[in-house]
Structures are given as structure tokens and as C-alpha cells.
Amino acid sequence: MQTMLFEPYTLKGITLANRLVRSATYEKNADEEGFVTPGLIEMYEALARGGVGLIITGGAPVHPTGKFVPQMVAAYDDKYIDGLSKLVSAVHAQGGKIALQIAHGGRQCYPELLNGELPMAPSAVYEPVLKTTPREMAEEEIWTIIRAFGDAARRAKAAGFDGVQIHGAHGYLVSQFLSSHTNRREDAWGGDEDRRFRFAAEVYKAIRKEVGSDYLVFIKINTNDHLCSGGLRPDESLRVAQRLQALGIDAVEVSGGMYESALRPARTKILHVEDEAYFKEPAGMFKMSLKIPVILVGGIRSRSVAEDMLDKGYADLISMARPLIREPDLPKKFMSGKDKSDCESCNACMFFRRLDKVKCVQLQKLKE
Ligand SMILES: Cc1cc2nc3c(=O)[nH]c(=O)nc-3n(C[C@H](O)[C@H](O)[C@H](O)COP(=O)(O)O)c2cc1C
């Protein structure tokens, strides 16, 4: 039976073939300088052919100080526009739609990617996974990065992307400003909820100024940083989304967790349908309180669960990352009756240091 999962959906005037979204997924498939490669284009062609309604790229740094992993697609110079437009054309040629995720890693940048410089962040709060203490950003640097988000969005639009997603989740820079754990400032950028929100607001406004009111601009945010103490929690996160909605943002993708949290964005052991859609509760709360579309990500593996989330009003769109690494054509398979992704949520795809590019390690083992 075909349900609304496979019906077209209009997002900011863009007609998506269905309500399935490929959540932003780092590819490790740009070259060392961040240029689009033929291999990256192939990856995206396969996703578009596979029938997903909207593709969100892996996070693209808006500034060289924001590179968090190697071989990310870069968006911090006009010289990248040409390659990015080839990527977009390849997706459009297959009938797909694609948004560029724009990001800055802040304190979650691997220091070796920053030419020996320390990562920068709202405050100098030790990052235990990378074992680094970042340096606190100066006011001038904050404005530089805000402008860089605007410029990256302008480049995305020039390259033909259907929209941009601000990476405001998972403990990266925008998320760091929103979180009371990582933002300990006592100036205009931190100290209370209003001031913690300011960076996200200015980033949004800088983007909107560059791309105009008709262009799709949305955000991925944490509903919960999942820290033992402090950090962003669902009540404050919802107020962030409400304020962004008032400013004019077009949609919100709901996630949670960061490098140092116990519960991470990509959880393992998704064995039963009850383990799936692990952000459905906060997403449902967002959906009840917001007018803009809510995108649910996190552990969705079954078509029936995806349909249930839409039917029960937890979300407007269903987003997946790991299942589409394993099976880029999963949407088409769902449409022809398959119920469950083959993805084992083992997270071997995340150990990018061991991989030439992000791929399904289990599938590779089966082929060998
Ligand atoms: C290999 C890999 C790379 C990821 N890269 C990004 C990224 O660039 N930006 C982002 O917002 N989330 C990223 N994520 C998180 C996913 O978008 C998603 O939120 C998470 O994996 C949960 O969804 P899933 O259960 O469908 O995989 C990544 C996840 C994986 C496994």
C-alpha cells in the first residue's frame, strides 16, 4: 500500500518526490583541498537514482577554521562553486533535489586539520574526545564566521543547490553557542538564553540577506545535548526553534547529542522497531508547537515506522543517514515492498580514519 510517505511534498515551493530525506552525511570523498571529485558525484548520483525526496550533503565548512574532518566538501571560497554546481547538476539530472549543509566545527575540529592552530569556540571548554581545549573566539572572529555562513549560502545558491541547511546540531559551532555547557561567555554572545541564541540568529540573518526570502533555509538542531549536567535541553531547544521560526526559517531537523555525550546522534543496537526513531518524542513536541515542517532523524530503519511517524504526527519528513550509506536505493526498495533497511547500525562507517571514503563496511565484507 502506498501511503503519504511516497506522496510528493512541497517544501518552500520545491516539490519533493516523497517525504524521505537523506540526512547530512560526511562522505570523505572530496579532495584534500575540499574540491568535488568524480567519486563524490557518483555517490550523489546513486542517491538521487535511489529515489530519496531530498538529499542533504555532508557538512561543508564555511571557513578554513571550521574543518572538522578530512576531505570534507568546502564552501569557503568562490573557487568551489564550479565543482559544487557539477554535483548539483548530476543530482538534478536524475530528478533529485539537494541542499548543502553548511557548518563550522568549532571545538570539535581535529587539530591536525587546522595547520597546527587551536580550534576556536565560544569558550575555552576542554573537549574530552579530541583532548583539546579550544581558544575563546574574539568578537571580531564571531562576526567573520557569521559572514562566512552568509557567503557559503550565497555560493550554494550560485551553484544551484535547492537550499541550505545550517548545521546547528551535534556540538559543532552553532550548537556550541546554543549550549550552556560549551558557551560560558558573559558578553553579548552568552550568559543567558537570549544571548546564547544570538549567534544562531545572526547566522540565519546573514544567510537570508545573501539568498533572499524565496530560498530554502533550514536548520538541524539538538533537542538535547544529552550531557549529565548543563547543555541544551528540549524546553530551551524548542524556544530556539520558535524564535528561528519567527525570524523566517523554513524547517527544522531534530537531532541530539555531541562528541562527549553518552547518547550520540548515531546510536547503535537498533534491534527492534521500538528502538527506532529515537528522537520521536522531542520531534512530536516540536511538531505540536511549530508551524514550520519538522524533519525527524535518528534510527529510522523500517518503512512501517517511517509511515507511523507521519501518520501519528511526529514529523512532516523522515530523514535517514546510515541506511542510505548501505543502500542508496532504499527509497525505491521501500516503494516496492521492502520493509526494513539492511543497515546494522554498527557504526563502522563512522570510523573514517580506517576508510578511503565513507561506506558500509558490512556490505564490503559480504562482497569480499
Ligand atoms: C558517517 C556519518 C557521517 C555523518 N555526517 C554528518 C554530517 O556531516 N552532518 C550532520 O548533521 N550529521 C551527520 N551525521 C549524522 C546523521 O545525519 C544522523 O543524524 C545520524 O546518523 C542518525 O541517523 P541514522 O540513524 O539514520 O543514521 C553523520 C552520520 C554518519 C553515520
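Up top you'll find the structure we're talking about.
Residues numbered from 1 in each chain as written. Predicted model: local features only at pLDDT ≥ 70, side-chain atom pairs only at ≥ 80, totals over all residues.

Participant: Help me understand the overall build of the protein, please; the structure alone is not making it clear to me.
Facilitator: Secondary structure summary: the protein contains 11 helices and 13 strands in total. Taking 2.2 N^0.38 as the reference for a compact globule, 368 residues should give roughly 21 Å; the C-alpha atoms of the protein span a radius of gyration of 19 Å, in line with that estimate. Expressed as lengths along the three principal axes of its C-alpha atoms, the size of the protein is roughly 55 × 40 × 40 Å. Classification of the 368 residues of the protein by burial places 54% in the buried group. Across the protein, every contact between residues at least 6 apart in sequence was considered, and the portion connecting residues at least 24 apart equals 70%. (Helix = DSSP H or I, 4+ residues; strand = E, 2+ residues; numbered from the N terminus. Rg over C-alpha atoms; globule rule 2.2 N^0.38 Å. Buried ≥ 20, exposed ≤ 12 C-beta atoms within 10 Å, placed from the backbone. Contact = placed C-beta atoms within 7 Å.)

Participant: What am I meant to see in the packing of helix H3 (residues 139-159) against helix H5 (residues 193-211) here?
Facilitator: For any two helices packed against each other, the geometry comes down to the angle between their axes and how far apart the axes lie. Contact pair H3 / H5: the axes reach a minimum separation of 8 Å and the direction vectors enclose 35°. The element H3 and its partner H5 pack so that their crossing is right-handed. Residue-level contacts link Ile142, Ile146, Arg147, Phe149, Gly150, Asp151, Ala153, Arg154 and Lys157 of H3 to Phe199, Glu202, Val203, Ala206, Ile207, Lys209, Glu210 and Val211 of H5. Along the lines of polarity and charge, the residues of the contact of H3 with H5 split into 9 nonpolar, 1 polar and 7 charged. (Axes fitted to C-alpha atoms, helices over the stretch in contact; angles between N-to-C directions. Left-handed = near helix turned anticlockwise from the far one by under 90°. Nonpolar A, V, L, I, M, F, W, Y, C, P; charged D, E, K, R; others polar.)

Participant: How should I be thinking about the site of the ligand in this particular structure?
Facilitator: Contacts to the ligand come from 25 residues, most closely from Ser23, Ala24, Ala266, Ala321 and Arg322. Residue assignment for the shell around the ligand shows that the elements contributing at least two residues are strand E3 (20-25) and helix H9 (322-326). Considering only residue class, the shell around the ligand consists of 13 nonpolar, 10 polar and 2 charged. (Near = placed C-beta within 6 Å.)

Participant: What is the right way to read helix H2 (residues 81-93) from this model?
Facilitator: In an α-helix there are 3.6 residues to a turn, and that puts residues three or four apart on one side. Under the 1.5 Å per step criterion, the end-to-end length of H2 is 18 Å for 13 residues, consistent within 8% with the ideal 18 Å. Those residues of H2 not exposed but buried are Gly83, Leu84, Leu87, Val88, Ala90 and Val91. Buried residues along H2 cover an arc of 160° about the axis, so they all sit on one side. Those residues of H2 that are exposed and aimed more than 90 degrees away from the buried face are Asp82, Ser89 and Ala93. Within two residues after H2, Gly95 carries a phi angle of roughly 85°, on the positive side. (Expected span 1.5 Å × (residues − 1). Arc of directions from axis to C-beta.)

Participant: Hey, could you run me through helix H8 (residues 303-311) in this one?
Facilitator: By the burial criterion, the buried members of H8 are Arg303, Ala306 and Met309. With its buried residues spanning 125° around the axis, H8 presents them on a single face. Buried-residue contacts for H8 involve helix H7 (280-289), strand E12 (294-296), strand E13 (317-320) and helix H10 (330-335). After H8 finishes, the residue Gly313 shows a positive phi value of roughly 75°.

Participant: I keep staring at unusual backbone geometry and nothing clicks. Help me out?
Facilitator: Negative phi is the rule for most residues except glycine; trans is the rule for most peptide bonds. The backbone of Asn115 shows a phi angle near 50°, a positive value even though the residue is not glycine. Relative to the helices and strands, Asn115 resides in the loop between strand E6 (98-103) and strand E7 (120-121). Residue Lys131 is not a glycine yet carries a positive backbone phi of 55°. Tracing the sequence through the fold places Lys131 in the loop between E7 and strand E8 (135-136). On the basis of neighbour counts, which here come to 8 C-beta atoms within 10 Å, the residue Lys131 falls in the exposed class.

Participant: Whenever I open this one, the nonpolar core confuses me. Can you help?
Facilitator: Looking at soluble globular proteins, one finds that nonpolar side chains tend to be buried together. Ile102, Phe149, Val252, Leu296 and Ile318 are the most contacted members of the largest nonpolar core, which totals 107 residues. It is H3 that provides the largest number of residues to this core, a total of 9 residues. Setting aside anything within four residues of it in sequence, one finds Leu296 in contact with Val254, Ala277, Phe279, Lys280, Ala283, Met309, Tyr314, Ala315, Ile318 and Ser319. (Core = buried A, V, L, I, M, F, W, Y, C linked by C-beta atoms within 7 Å.)

Participant: Help me out: how do you make sense of the pairing of strand E9 (residues 163-168) in this one?
Facilitator: Moving residue by residue along a regular strand, the side chains alternate between the two faces of the sheet. Burial analysis of E9 places 6 of its 6 residues in the buried class, the great majority of the element. When E6 meets E9, the two strands line up parallel, connected through 4 bridges. Bridging across to E9, Gln101 finds its partner in Gln165. Pairing of E9 with strand E10 (residues 216-224), which is carried by 6 bridges, proceeds in the parallel orientation. (Pairing = 2+ DSSP bridges.)

Participant: Where do I start with the pairing of E13 in this structure?
Facilitator: Going residue by residue along E13, you find Leu317 and Ser319 tucked away on one face and Ile318 and Met320 tucked away on the opposite face as well. Direction of pairing for E3 relative to E13: parallel, over a ladder of 3 bridges. Counted as the bridge partner of Arg22 is Met320 from E13. Bridge count between E12 and E13: 2 bridges; the pairing is parallel. Note on E13: the bridge partner recorded for Ile295 is Leu317. What joins E12 to E13 is H8, and the crossover it makes is right-handed. (Right-handed = clockwise from strand over helix to strand, strands pointing away.)

Participant: Please explain the packing of helix H6 (residues 234-247) against H7 as it appears in this structure.
Facilitator: Where H6 meets H7, the closest approach of the two axes is 11 Å, and the angle between their N-to-C directions is 40°. Taken together, the axes of H6 and H7 lie oblique to each other. Our pair here, H6 against H7, has a crossing hand that is right-handed. In this structure, H6 uses Pro234, Leu238, Ala241 and Gln242 to contact H7, whose residues at the interface are Pro282, Met285, Phe286 and Ser289. Classifying every residue of the contact of H6 with H7 gives 6 nonpolar, 2 polar and no charged. (Parallel < 35°, antiparallel > 145°, perpendicular 65-115°, else oblique.)

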